[in-house]
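So you can see what is in the structure, the chains are spelled out below.
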Amino acid sequence: MSHPFIPLSVPNFEGNEEKYVNDAVKSTWVSTGGGYVTKFEEDIAAYVKMPRAVATASGTAALHLALIISGVGAGHEVLVPALTFIAAVNPVKYANAQPIFVDCDDYLCIDPVKVKEFLQTNCQIVDGKTINKTTGAQVKAIMAVHVFGNLCQMEALMDIAKEYNLILIEDATEALGTYCKEGRYAGKFAGTIGDVGCYSFNGNKIITTGGGGMLVSNHDDWAAHAKHLSTQAKSDEVRFYHDEIGYNYRMTNLQAALGVAQMECLEKFISVKERNYDYYVKAIHGKNGLEILPFRSDTRSNKWFYSVLLKDCEKSTDDILKGMSEDKIQTRPIWALISDLEPYRDCQRTSLSNANYYFKRVVNIPCTTNLTLEDAKIVADRLLKITK
Ligand SMILES: *Cc1c(COP(=O)(O)O)cnc(C)c1O
């Protein structure tokens, strides 16, 4: 039986996208002025319950600004996950700092136990600063990435950040809509717990503006600083005075028009993600040596990406990719460890045994927000057939 191509994750424009984008075009406000940017910033801020949000050209740009406003610069080091998308780590280099790679836990997020172990054995606190005994550099921040919509262990990470006087930056680019249901941060959204949080609206994210990002901070003057840096650090509205080195990291009104329409659909998108995730668990988990990785039960996750673990399965991730693609189904292996990539081979790291385990065994399966249950069944059936 033949079926159309089933993509991994593509945009879903069933709402007011065309209406608002056309409105922006008609108004001729297509660039960095116009009402949609402010509206989109306000919508995101209200949704994640923060006083303000700052729109940027991309999630990567938001992360770069997050590091700068946190005071991360030359001579500093940042603890980062080894198993994630490279855009969480490259900005550390843009800021002239160095990454230190840390292993993941069983939810694929940075492991606080490994973070703490590294700080305890490799660092000492001198005058309130955490100094890396190997390099002599100051460890300044933790980059906590909420991988695939799974919230990091925020209580443990926040405790560590406090003890070692570190800034906690949340890369919530994959986790818009994820929040804590229990514990110290009950009701708090991913991105709003640490010092700074970043979101992304790239085409594959849960909502998209084509390309774009957003930054929120628990220090209000930091958010204002990010806005200033993103707009070329212009310090006089009329004259061309600029009081520091700024960036053109603004979001355009066209992008924001798309974003406003997408925000109207976010909760609906998450409910589809949940429904399809539950279906995949029922259809696949525990069969043919396959598991579907869980999302933490003390959170409401946006369930952005679904991970199939080839636990006791003789097939490799390559076999799955090939077998699925022959049946017009797009799947994806999890990222190569960033610490193994050319630009980062020489960086310091903790043991990465867990990250290496998951790197070899995780495949992402279609999770688009308009994926029907019929499509999900085709995906599950094919997966079970090729792993038999
Ligand atoms: C998508 C993503 C980014 C970057 O966002 P862009 O908007 O594509 O620049 C950063 N970190 C992670 C973990 C991501 O998945």
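Residues numbered from 1 in each chain as written. Predicted model: local features only at pLDDT ≥ 70, side-chain atom pairs only at ≥ 80, totals over all residues. Heavy atoms only, no water.

Colleague: I would appreciate a short explanation of the sheet that holds strand β11 (residues 290–292) in the present structure.
Modeller: Hydrogen bonding along the main chain pairs the strands of a sheet, whether they run parallel or antiparallel. An order of β11-β13-β15-β14 is seen for the four strands of this open sheet, with the pairing classed as antiparallel. Of all strands in the sheet, those with a lone pairing partner are β11 and β14 (332–333), marking the two edges. Bridge count between strand β13 (residues 306–310) and strand β15 (residues 362–365): four bridges; the pairing is antiparallel. What sits directly across from Y306, in β15, is I365. Packing against the sheet, helix α10 (residues 317–326) makes contact with β13, β14 and β15, and its axis sits at approximately 20° to β15. (Pairing = 2+ DSSP bridges. Helix = DSSP H or I, 4+ residues; strand = E, 2+ residues; numbered from the N terminus. Contact = heavy atoms within 4.5 Å. Axes fitted to C-alpha atoms, helices over the stretch in contact; angles between N-to-C directions.)

Colleague: Help me understand the site of the ligand in this model?
Modeller: Residues in close proximity to the ligand total 16 residues, the closest being T60, D171, E174, S200 and K205. Note that a nitrogen atom of the ligand is positioned 3.2 Å from one of the side-chain N or O atoms of T173. Note that an oxygen atom of the ligand is positioned 2.7 Å from one of the side-chain N or O atoms of S200. A total of three residues in the shell around the ligand trace back to one element, the largest contributor, which is helix α3 (residues 59–69). Tallied by class, the residues present in the shell around the ligand amount to five nonpolar, eight polar and three charged. (Near = heavy atom within 4 Å. Polar contact = N/O pair within 3.5 Å; in protein donor to acceptor, adjacent residues only side chain to side chain. Nonpolar A, V, L, I, M, F, W, Y, C, P; charged D, E, K, R; others polar.)

Colleague: Is there a simple way to explain α3 in this structure?
Modeller: For α3, the buried fraction is high: nine of the eleven residues fall into the buried class. Turning to α3, its buried residues number three or more, namely G59, A61, A62, L63, H64, L65, A66, L67 and I69. Capping the start of α3 is the job of one residue whose side-chain oxygen sits 3.4 Å from the backbone nitrogen of T60: S58. Of the residues flanking the end of α3, it is G71, one or two places downstream, whose phi is positive at about 85°. (Buried < 20%, exposed > 50% of the residue type's maximum accessible area, 1.4 Å probe, protein only.)

Colleague: How should I be thinking about the side chain of D236 in this particular structure?
Modeller: You can see D236 is positioned in the loop between α7 (220–230) and α8 (253–263). On the basis of relative accessibility, which here comes to 19%, the residue D236 falls in the buried class. Here V238 takes part through its backbone nitrogen, which lies 2.8 Å from a polar atom of the side chain of D236. In this structure the side chain of D236 is engaged in a polar contact, spanning 2.8 Å, whose partner is the backbone nitrogen of R239.

Colleague: Would you mind going over the packing of α10 against helix α12 (residues 373–386) with me for this structure?
Modeller: How two helices pack is summed up by the angle between their axes together with the distance between the axes. Where α10 contacts α12, the two axes come as close as 10 Å, and the packing angle between them is 130°. Accordingly, the angle class assigned to the pair α10 and α12 is oblique. Every pair of crossing elements has a handedness; the one defined by α10 and α12 is right-handed. On α12, the residues touching I320, G323, M324 and E326 of α10 are V379, R382, L383 and I386. Taken together, the residues of the contact of α10 with α12 sort by class into five nonpolar, one polar and two charged. (Parallel < 35°, antiparallel > 145°, perpendicular 65-115°, else oblique. Left-handed = near helix turned anticlockwise from the far one by under 90°.)

Colleague: How should I be thinking about α8 in this particular structure?
Modeller: An α-helix turns once every 3.6 residues. As a result, residues three or four positions apart point the same way. Among the eleven residues in α8, ten count as buried, and that is most of the element. Of the positions making up α8, those classed as buried are N253, Q255, A256, A257, L258, G259, V260, A261, Q262 and M263. Looking at the buried residues of α8, the elements they touch are α1 (17–27), α2 (35–47) and α9 (266–284).

Colleague: Quick question: what am I supposed to make of the pairing of strand β5 (residues 129–132) here?
Modeller: For a regular strand, side-chain orientation follows a simple rule: the groups alternate between the two sheet faces. In this sheet, β5 lies alongside strand β4 (residues 123–126) in antiparallel orientation, the contact comprising four bridges. Considered in β5, the bridge of I125 is made with T130. Two successive antiparallel strands, β4 and β5, enclose a turn made up of two residues, where D127 displays a positive phi of approximately 50°. Connecting β5 to the antiparallel partner strand β6 (residues 138–145) that follows it, the hairpin turn spans five residues, and G136 within it adopts a positive phi of roughly 80°.

Colleague: Got a minute to help me understand the environment of L371 in this structure?
Modeller: Inspection of the secondary structure puts L371 in the loop between β15 and α12. We classify L371 as buried; its relative accessible area is 4%.

Colleague: Explain the nonpolar core to me, please; I cannot follow it from the model alone.
Modeller: Soluble globular proteins tend to pack their nonpolar side chains together in the buried interior. One finds F40, L79, L176, L215 and Y280 to be the most contacted residues of the largest nonpolar core, which totals 134 residues. If you tally residues by element for this core, the top one is α9, at eight residues. With residues near it in sequence (within four places) discarded, Y280 still touches H285, I292, Y306, I365, P366, L371, A376, V379 and A380. (Core = buried A, V, L, I, M, F, W, Y, C linked by side-chain atoms within 4.5 Å.)

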